Amino acid sequence: MNDSPECVDDRTARTVRREQYRPPPYLVDEIDLKIELDPQRTVVTACSRLRRNEACPGTASLVLDGEAIELLELELDGLPLAQGAWRRDAHSLTIDAPPERFVLRVVTSTAPASNTSLMGLYLSNGNFFTQCEAQGFRRITFFPDRPDVMSRYTVTLYAECERYPVLLSNGNLSETGVEAPAAGRAPRHWARWIDPFPKPSYLFALVAGTLVASEQEIDTRSGRTALLQAWVEPGEEDRTGHAMRALVDAIRWDEQRFGLELDLERFMIVAVSDFNMGAMENKGLNIFNTRYVFATPRLATDSDFFGIESVVAHEYFHNWTGNRVTCRDWFQLTLKEGLTVFRDQEFSADMLARQSSGQAEARSARAVKRIEDVRVLRAAQFPEDAGPMAHPIRPDAYQEINNFYTVTVYEKGAEVIRMLHTLVGEQGFQRGLALYFARHDGQAVTCDDFVAAIADANETDLGLFGRWYSQAGTPRLTVSAHHDPRACTYTLDIEQRTAPTAGQPDKAPVHIPIAVGLVGDDGKDIALRLRGAAHAAAQPRTTVVLELTESRQRFVFDEVARAPVPSLLRNFSAPVIVEYRYTASELAYLARHDSDPFNRWEAMQRLAVEAMLAVVSGATPQAAGEVLVDAAAALLDDARLDCAFRQLALALPPEGVLAEHLPVVDPLRVRSARDGLLAHLGVALRERWRDTWHALASDEPYAPTPSGAGRRSLRNAALSFWVRSGDGAAFDAAAAQFDGADNMTDRHAALQALVNSPASERVRALADYERMFADEPLAMDKWLAVQATMHRQPGDPAVLVHCLRNSYTHFATWLTG
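Keep in mind that this is a model prediction, so the values were computed, not measured.

## Concerning the packing of helix α2 (residues 302-317) against helix α3 (residues 333-353)
Next up, step 1: In the contact formed by α2 and α3, the axes pass within 9 Å of each other and the chain directions differ by 135°. Taken as axis vectors, α2 and α3 run oblique relative to one another. Considering only the axes of α2 and α3, their crossing is right-handed. Note on element contacts: α3 touches α2 through Glu-337, Thr-340, Val-341, Arg-343, Asp-344, Phe-347, Ser-348, Met-351 and Leu-352, opposite Phe-306, Glu-309, Ser-310, Ala-313, His-314 and Phe-317.

## Overview of the packing of aromatic side chains
Next up, step 1: Overall, the coordinates contain 32 aromatic pairs when judged by the stated rule.
Next up, step 2: Geometrically, the ring pair formed by Tyr-122 and Phe-129 is tilted, given 6.2 Å between the ring centres and 40° between the ring planes. Exposure class is identical for Tyr-122 and Phe-129. Each is buried.
Next up, step 3: Connected via pairs of aromatic rings, a cluster forms that spans Trp-253, Phe-258, Phe-267, Tyr-316, Phe-317, Trp-320, Phe-342, Phe-347, Phe-429, Tyr-436, Phe-437 and Phe-450.
Next up, step 4: Sitting above the plane of the Tyr-158 ring, Lys-34 keeps its charged end 5.3 Å from the centroid.

## Observations concerning the sheet that holds strand β9 (residues 92-95)
Next up, step 1: Here three strands make up an open sheet; going across it, the order is β5-β9-β8 and the pairing antiparallel. With partners counted over all chains shown, the strands left at the sheet margins are β5 (62-65) and β8 (86-88), one partner each. Between one strand axis and the next, the sheet turns through 15° on average, direction left out of account.
Next up, step 2: Pairing of β8 with β9 involves three bridges; the strand directions are antiparallel. For Trp-86, the partnering residue across the bridge sits in β9 and is Ile-95.

## A look at the environment of Arg-674
Next up, step 1: Relative to the elements of secondary structure, Arg-674 occurs in helix α14 (residues 667-684).
Next up, step 2: For the pair Arg-674 and His-318, spaced 356 residues apart in sequence, the C-alpha to C-alpha distance is 41 Å.
Next up, step 3: Setting aside residues up to four positions removed in sequence, Arg-674 forms contacts with Met-612, Leu-652, Pro-653, Pro-654 and Glu-655.

## A word on the environment of Tyr-490
Next up, step 1: Its location among the elements puts Tyr-490 in strand β28 (residues 489-497).
Next up, step 2: Accessibility expressed as a relative area gives 3% for Tyr-490, which makes it buried.
Next up, step 3: As for Tyr-490 and His-694, which are separated by 204 residues in sequence, their C-alpha atoms are 46 Å apart.
Next up, step 4: What Tyr-490 contacts, discounting residues up to four positions off in sequence, is Ala-481, His-482, His-483, Leu-518, Phe-555, Val-556, Phe-557, Val-560, Pro-564, Pro-566 and Tyr-580.

## Here we look at the side chain of Lys-283
Next up, step 1: Examined against the element boundaries, Lys-283 turns out to sit in the loop between β22 (279-280) and β23 (285-289).
Next up, step 2: In this structure Lys-283 comes out as buried when scored by relative accessible area, which is 2%.
Next up, step 3: Beyond its immediate stretch of four places on either side in the chain, Lys-283 contacts Asn-170, Gly-171, Asp-195, Phe-197, Lys-199, Leu-203, Asp-263, Leu-264, Asn-319, Asn-323 and Arg-324.

## Digging into the sheet that holds strand β20 (residues 225-232)
Next up, step 1: Spatial ordering of the open sheet is given by β19-β20-β21-β23-β22, a layout of five strands whose pairing is mixed. Each edge of the open sheet carries a strand with a single partner, namely β19 (212-219) and β22.
Next up, step 2: With two bridges joining them, β22 and β23 adopt antiparallel strand pairing. Bridge pairing in β23 places Ala-279 opposite Phe-288.
Next up, step 3: Sitting on the sheet, helix α1 (residues 241-258) is in contact with β19, β20 and β21 (266-272), with an inclination near 25° to β19.
Next up, step 4: Against the sheet, α2 makes contact with β21, β22 and β23, and its axis sits at roughly 150° relative to β23, the strand it touches most.

Rules of the game
Residues numbered from 1 in each chain as written. Predicted model: local features only at pLDDT ≥ 70, side-chain atom pairs only at ≥ 80, totals over all residues. Heavy atoms only, no water. Axes fitted to C-alpha atoms, helices over the stretch in contact; angles between N-to-C directions. Helix = DSSP H or I, 4+ residues; strand = E, 2+ residues; numbered from the N terminus. Parallel < 35°, antiparallel > 145°, perpendicular 65-115°, else oblique. Left-handed = near helix turned anticlockwise from the far one by under 90°. Contact = heavy atoms within 4.5 Å. Phe/Tyr/Trp six-rings, centres within 6.5 Å; stacked < 30°, edge-to-face > 60°. Buried < 20%, exposed > 50% of the residue type's maximum accessible area, 1.4 Å probe, protein only. Lys NZ or Arg CZ within 6 Å of the ring centre and 35° of its normal. Pairing = 2+ DSSP bridges.

Following this line, the structure appears as structure tokens:
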């Protein structure tokens, strides 16, 4: 039988193809699950109300997916099915010619304790968990395990009271009780959960075991009271406060930004150390690995705190974009993931800017998140797009569904959503999203349905835009500019091309929004008058979005008296590579004056790459870094900008970015060039780094707020550069910060600075850190990472030898108690 019934299976290559999608012959309106939990033999009784799908006419057999489960009973409308009326194999159960409407009762058993696949229902560390995305529900009971079969679930869980005192599932808790004692059996209790909204089987979840909860009630925008719970293993309650605050912030933000309200009486998150899937958005019952929930100032850095905020928000945002409206089939995975990643990116950016004191600071604070996302895209997704694994965000075929969870589907998928937002604007996107939910709430739909809602709500043609969903590869834009002082025009000629990828040798032009500004010789943006613009009355503006839809287009700006410096692809408005020949002086000018914070950061990055390439080619860091030092000083001194943004703008690109610009990579020369430039920046601006470190000191208690985290990030960057200068006072400052820190952010930063210096205190600091955190696995991960990435000092053993030696010592100590 087919591994995935929603599509036809190519039996020779076992390839499932999007073009062969067929609607399900039968739909399941309701399913009532009775689950008697036992590690060795869990019995599942599933009573489902099915009806023939009008979208799939004609007679058809009912095919239910099922793997690694034992069939105990099978009844149709209360009567046992005769042996010849059904058949099963290793992957499915088939019932021939069932009626138009019927109730199917299936009793199965499974062995959670021996389920090493960790899909479906399994036992881990004495507790029961489920993981059903993408195809795990078929390991619990026989069911059409495909996302376009959406059902309302009632779930009753039974388990021993003492061993499994907490019984959780999706939706709202309806009833609880204790069974009458039975001879020879430990006392059991039960809990019934009712999910009022239809969902696909991959969102089913249960958790049972010994857990404790932190709770908080909130009032939703419509006035309902909802209970929020964070369930953890006993003794871990004090580590969930930040995650709970993040959940509340996410709920409030979704209400305010998109008008989307929490739709259940309660919302639960469960965090356990042995959940191996990272995080999962099961309806009303999100399950996390503890690393994505636990945070205390002693153990977590600011980066950890913000990462937890982002992940908690992402899984909550799926409540609407993924749960209320889900994917028709797994080829549409980016429909829920790309859209939800975009939403969590916007949430994080808004959270970073919420404490800003001015417009420039707010823009630069939001840019911090944008920069981080683009760095991930360039480091992970662009190489995927350029390699043998290149695939569109909506692929056309797969052999293993779990291979679909890629940076292309998630991160590039989010960029595609962002381009739609850029094309129609914030209000247009709001209208489109509202229409999307009005049309499709409670349905399983496609990427085309989403694009159609955006287009229809804004009465715009997005037909060409659909190529982003079907075409792999990263478009490359070649831009040339010409200023005509006599005509007072400035012309941009832009050409797009996308290199061939596997299976797609010929690439058609795609619809690319290119946000552009022109910076005048007074350091200010020029008011733009784009010739032929559809909304000329709305001009002048200082940023316009050029819509590139052909292989080559020309854009002319009028009334440009003096030659400007172009600011191209502002806020990284499309996932493309821009080729434009900036001079070093132009890049330095943009780094000082561009009103777009992302492009200020981009200009600094390009300046740094050019300087490092010059050093690799034989120039001294002093000669190559002259322009970079001046630009860095100007950024450091610009107090209008967010501190975290300044830290990012001052950071040199990693060695991998530099290597991308070299035909032949010599790793030692690359590292030497980067280290030399870092040392030069440290020496050239030594007094500024020292003064910045002192000026940003604070006596306030630690709090992972955007303003506090930004201050710490810039202060710790200043410490790192100051240490790079070789100043003995900097070594003392780093050691003092390590010893006196009241939080992991400052302690970890000081440790990194010391380890990458010749300071004698670095050996003592590593030993002290190990002593402080030997029993904290997440903190020891940081200790190992610092050593694995350290730069050798003269006389040091090789980094790998050093790391392995310390790792062995730590784990030997741990094993012996």
